[in-house]
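Listed below are the residues making up each chain.
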2 protein chains.
Amino acid sequence: MTDTLRINSDRFRSAFDSLALIGSTGDGGVNRPALGDAHLTARKWFREQIESAGLEFCTDGAGNHSALLPANVIAREAKQSPTLLLGSHLDSVPNGGRFDGALGVISAFEVLRTIKDAGIKLKFNLEAIDFTDEEGTLVGLLGSAALAGHLKPEILESPRGGRPALVEGMKRAGLSDESILSAARPADSIAGYLELHIEQGKRLERAQVNIGVVSAIVGISSYQLTFIGRADHAGSTTMQDRLDASLGASAFTLAAREIVLKDFQNCVVNVGKMDFTPGAFNIVPAQVDVSLEFRAPNEDDFKQLDSALIERTQLEAKRFGLDLKADFRGRHSPTPMSDSVQRAFADTCDALNLTHTPLTSGAGHDGQSFANICPVGMIFVPSVDGASHAPREFTEWRDCVNGANVLLQTALRLAK
Amino acid sequence: MTDTLRINSDRFRSAFDSLALIGSTGDGGVNRPALGDAHLTARKWFREQIESAGLEFCTDGAGNHSALLPANVIAREAKQSPTLLLGSHLDSVPNGGRFDGALGVISAFEVLRTIKDAGIKLKFNLEAIDFTDEEGTLVGLLGSAALAGHLKPEILESPRGGRPALVEGMKRAGLSDESILSAARPADSIAGYLELHIEQGKRLERAQVNIGVVSAIVGISSYQLTFIGRADHAGSTTMQDRLDASLGASAFTLAAREIVLKDFQNCVVNVGKMDFTPGAFNIVPAQVDVSLEFRAPNEDDFKQLDSALIERTQLEAKRFGLDLKADFRGRHSPTPMSDSVQRAFADTCDALNLTHTPLTSGAGHDGQSFANICPVGMIFVPSVDGASHAPREFTEWRDCVNGANVLLQTALRLAK
C-alpha cells in the first residue's frame, strides 16, 4: 500500500534549511535574484543534492535544473513515457523570503527521494524542477515559458528587468537567447504540472484551513511608464513655469489605487519603483520612470483594468503638461487550474484528514506556462500574517510537511 | 581715466568656451558635480590659466581656487590690505548648464586680467575665486561658508549628499574635514564680495532689461524625508492590507505644491528625487526616500512654509499608516544684499547706459555666506527662456560682456 507513504520530515527540513543559508540576508530572508551569484550557488547546491541522492540530474538551455526519477519501465520506454513535473523556483525577489519557491522545489525533490526509496513503480517519469527566473527580476516565468514552448524572442529583446540585466545574467549562467528558446519540449512529453507553494496571503490563516487548492491564477500585466517634463532650476523657476515629472507620477500612483479600490475589488495594482532623472534636490525632475504592475482574476476585469489605468496615465500626464511613454513589459492571462487535478488534491487532503478550501492565487506562478498544454494544479499552505516577498515570510513547519505529503500522495494518484 | 576701461570680450569668450568643454555632455551642457573628476579637471585648467596670465594662484583647505591681484602698495602692506572677492563656482549640478557659476568665475578672472593689463592702482587686493561645491551635490556653499568661517563641523558629518559621497570627494581632492574647517579667514581681511551670475529665470528677458541688481537671496532649506511602510507581495496582499510607502510620498509631493500655490506665492518647493526600497515591480514599496527643498524670500514665509510642509508630511504618513523620518539637511536664511553695493551696481549700469532693475534671487549663492561679515552684491544677466540647471541654459554673449563690464567698473569704484 502506497497510501501510507509519507515524506521524511527531517531530511526535508535539513535540505530546506541548508538552502536558506545561500544568499541569506541574516534576518530570515534570502536575496537570490535570478542568475545572480547567490542564485547560481543555490543551483550548484541543488545539483549536488540531486547527485548525492542517486537521482538523475538534468538541465536545459534555459538553465532549468531538475532531478529525474524515470518511469519504472525498460529504459527505451522511459524516454518515451510522459513526464509529470513537480516544481517551483530557487530565485527570489530582492531581499525576499526563504519559503517562496524554495518550498516547492525542495518538497518536489523530497517527494522523488521518498518514492525512489520506497521502490514504487510509476507509469510516468517524475521530475522535480527548479525553473529559471520565476520572479521576473529579468523576464518572469522565463524557464517555464521556455520549456512550455511559448516564450517569444521579442520578450527577450525587451525584458521587464531591462536587456542589459538579462544579458549579464545569461553570461553568468552560460546561457544565450538561442539556448533559452531551444529548451522547448514537445507538449505530449509532459503529463502534468503540480506545485506546492506558500499562500502569500492571509486567507488560509484566517480560516484556519490546512491546504488551499488553487482554482485559478490571476492574470498579471506590467508596464514601464515614463512621465517626461523638463529639468529646471528649482529655486529660480516659478511653480507655474515648471513641467515637473514627479507630479504626473505621484498623481497616477494615488489614482491607480483609487481606481482599484472603487471599481476592481478583486484586483490589485502596484507602483513598485520610481526613478527620478536627473534626481537632485535643486533640479525640477525632468523624467520619472514608474514600474507598474496589476493583476486580475478573470479576463474581463483584466482588460477593463488595463484600459482604466492606461487612460489615467494619459490624463495625469496631460494635467501637468507632461509627455508620456507606456512601454508594455509583459502579460500573463488569468489561468484556471485543471478540474481533475483540483479533485485529486481535494481527495488526497480528505484521505490525509487535512482541511482544504478552493482559493484563487493572487500571485503569478510557473503553472501558468503549462495551462494550455497539460493538466496543471497547485496547492497553498498558510503564510503567517500573510507576509511574503520579505524576510518575515514564514510558514509553520508542520504546514510545510502537510503540503509535501499532499504533493506526494497526489503525484502517486496521477503517476501510478 | 579708468571709466572707459572695458574687458577683452574675445579673451573672455575664449576662456569661457574652453572651460565649457570640460565635463561637456555634448548637448551644450556640462556635468561637473563638486569634487568629481570633471570638476577637478576644470580646477586644474583654471590654475593653469591663472599662472599663464601672470596672476598669483592661491588655494586653501576647502579647495577654493583663486587668482590674486595684490593691492598696489608695498608688499608688506598688501598682505595687510583687505581683499575684495569676485567670484562664483566651477561645479555644476548633474547634467547642468555651462553658464551657471562658470560665467561668474571667468568674468572675475577677466576683470583681474583687464585691471592688471591697465596697470591700475588699487587700495584693496582683488581676488577672483572659484568656491567649492556651491551647488550642494555634497554640502552646498561649502567653500564660501568655510572661508567665511561659519561652516559647522556637524554639517560635514551629515551633509545633504550623504557622508560617503563627501568622503569620496574630499579624498579625490586631497581635502579633509580639518582642512576645510581651517580655511576660515579673519572677517576684517575681506572688504566685500561681488558676483555676476545668470538670472536662471525669465524676469529680465520678459522685461527686456540688461542687468538685474539683486536685492536679496531667498532662504533655502532641505530635508531628506523617509516614508516607511512594509514590503509585501504585490499580488497576494490585498490593497487594504498594504502599508505602501509610495502613497505617502506621492500624496506629499502633490500636497507640497498645492500648499505653495495657495499660501506661499513668493516661495517654491521641489521634490527632486525619490528612492524606492526594495524597488521591484512585484513588491509593495517598504520605504520611499524623498529629497525635499524649499525657498522663501523672507524669514516669516520661510518659517511658516517649513511648518506647513513638515506638518503635511506627518499627516500624509498617518493617512496611509506609515512611519516617517524627516532628516534636516541644511538651511540658509534669506539674505538681503548690501544697499551700498546695490547703489554702486546701479550707478555703474547708468554710466554704461545699461538698463537695470532690482530683483530677488530665487537661487542660493555663495554671497549668502558673506552677508554678515562684509558688503555683498550680485548682478544677474538674462537667461534665455529662463532655463537653468539643464543643458539648454543659455545667455546671449553680449549680455555676458555687459555683466562682466558692470563687474569690472563696480570693482574699480569700490577698490580704487
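Residues numbered from 1 in each chain as written. Chains lettered and ligands numbered in written order. Predicted model: local features only at pLDDT ≥ 70, side-chain atom pairs only at ≥ 80, totals over all residues.

## Quick notes on the overall build of chain A
Helices and strands together make up the secondary structure of chain A, namely 13 helices and 15 strands. The globule rule puts the C-alpha radius of gyration for 416 residues at 22 Å, and the 23 Å found for chain A is close to it. Overall, chain A is about 80 × 45 × 40 Å in size when its C-alpha atoms are taken along their principal axes. If you take every contact in chain A between residues at least 6 apart in sequence, the share linking residues at least 24 apart comes to 78%. (Helix = DSSP H or I, 4+ residues; strand = E, 2+ residues; numbered from the N terminus. Rg over C-alpha atoms; globule rule 2.2 N^0.38 Å. Contact = placed C-beta atoms within 7 Å.)

## Considering the interface of chain A and chain B
At the junction of the two partners, chain A supplies 57 residues and chain B supplies 57 residues. Tallying contributions element by element places helix H10 (residues 245–263) of chain A first for the side of chain A that touches chain B, with 9 residues. Residues of the side of chain A that touches chain B, tallied by class, amount to 25 nonpolar, 22 polar and 10 charged. (Nonpolar A, V, L, I, M, F, W, Y, C, P; charged D, E, K, R; others polar.)

## Looking at the relation of the copies chain A and chain B
If you rotate chain A by 180° and push it 0.0 Å along the axis, it lands on chain B with an RMSD of 0.0 Å. Look at the turn and shift together and you get a two-fold axis relating the two. Considering only C-alpha atoms, the part of chain A nearest the rotation axis is Ser250(A), at 2.2 Å. By residue overlap, the copies meet face to face through one surface: 100% of the interface positions of chain A are interface positions in chain B. (Least-squares fit on C-alpha atoms with pLDDT ≥ 70 in both.)

## Section: the pairing of strand S2 (residues 56–59) of chain A
Two strands pair when backbone bridges link them, and S2(A) and strand S3 (residues 65–69) of chain A are joined in this way by 4 bridges, in the antiparallel orientation. Within S3(A), the residue paired with Phe57(A) across the bridge is Ala67(A). (Pairing = 2+ DSSP bridges.)

## A few points about the domain arrangement of chain A
Residues and elements named next belong to chain A. Annotation of chain A at the domain level lists domain 1 (9–202 + 337–415) and domain 2 (219–332). One C-alpha centre belongs to domain 1, the other to domain 2, and the line joining them spans 34 Å. Counting from both sides, the interface comprises 8 residues of domain 1 and, opposite them, 8 residues of domain 2. Each residue belonging to the side of domain 1 that touches domain 2 can be placed in one class, and the counts come to 2 nonpolar, 5 polar and 1 charged. (Domains from an automatic or database assignment.)

## A short note on the nonpolar core
Core analysis: the biggest nonpolar cluster contains 257 residues, and Val111(A), Ala411(A), Val111(B) and Ala411(B) have the highest contact counts within it. Filtering out sequence-adjacent residues up to four positions away, Ala411(A) remains in contact with Leu84(A), Leu86(A), Val111(A), Leu126(A) and Leu194(A). (Core = buried A, V, L, I, M, F, W, Y, C linked by C-beta atoms within 7 Å. Buried ≥ 20, exposed ≤ 12 C-beta atoms within 10 Å, placed from the backbone.)

## Points about helix H2 (residues 37–52) of chain A
An α-helical turn contains 3.6 residues, so a residue and the one three or four places further along point in the same direction. Residues and elements named next belong to chain A. Spanning 16 residues, H2 covers 23 Å between terminal C-alpha atoms, matching the ideal 22 Å at 1.5 Å per step. Of the positions making up H2, those classed as buried are His39, Leu40, Ala42, Arg43, Phe46 and Ile50. Buried residues of H2 fall within an arc of 155° about the axis and therefore sit on the same side. What points out from H2, more than 90 degrees from its buried face, is the exposed set Asp37, Lys44, Glu48, Glu51 and Ser52. Following H2 by one or two positions, Gly54 adopts a phi angle in the positive range, close to 75°. (Expected span 1.5 Å × (residues − 1). Arc of directions from axis to C-beta.)

## A word on the packing of helix H4 (residues 102–118) of chain A against helix H13 (residues 397–415) of chain A
All names here are of chain A. Across the interface, H4 lies against H13 with an axial gap of 9 Å and an inter-helix angle of 50°. As the angle between them shows, H4 and H13 are arranged oblique. Of the two possible hands of crossing, H4 and H13 adopt the one that is right-handed. On the side of H4, the interface is formed by Leu103, Ser107, Ala108, Glu110, Val111 and Thr114, while H13 contributes Cys400, Gly403, Ala404, Leu407, Leu408 and Ala411. Partitioned by chemical class, the residues of the contact of H4 with H13 number 8 nonpolar, 3 polar and 1 charged. (Axes fitted to C-alpha atoms, helices over the stretch in contact; angles between N-to-C directions. Parallel < 35°, antiparallel > 145°, perpendicular 65-115°, else oblique. Left-handed = near helix turned anticlockwise from the far one by under 90°.)

## Description of helix H4 (residues 102–118) of chain B
Residue and element names in this part refer to chain B. Helix length check: H4 (17 residues) gives 24 Å between terminal C-alpha atoms against 24 Å at 1.5 Å per residue, within 8%. With 14 of 17 residues buried, H4 is to be regarded as a mostly interior element. Positive phi shows up at Gly119, right after H4, with a value of about 65°.

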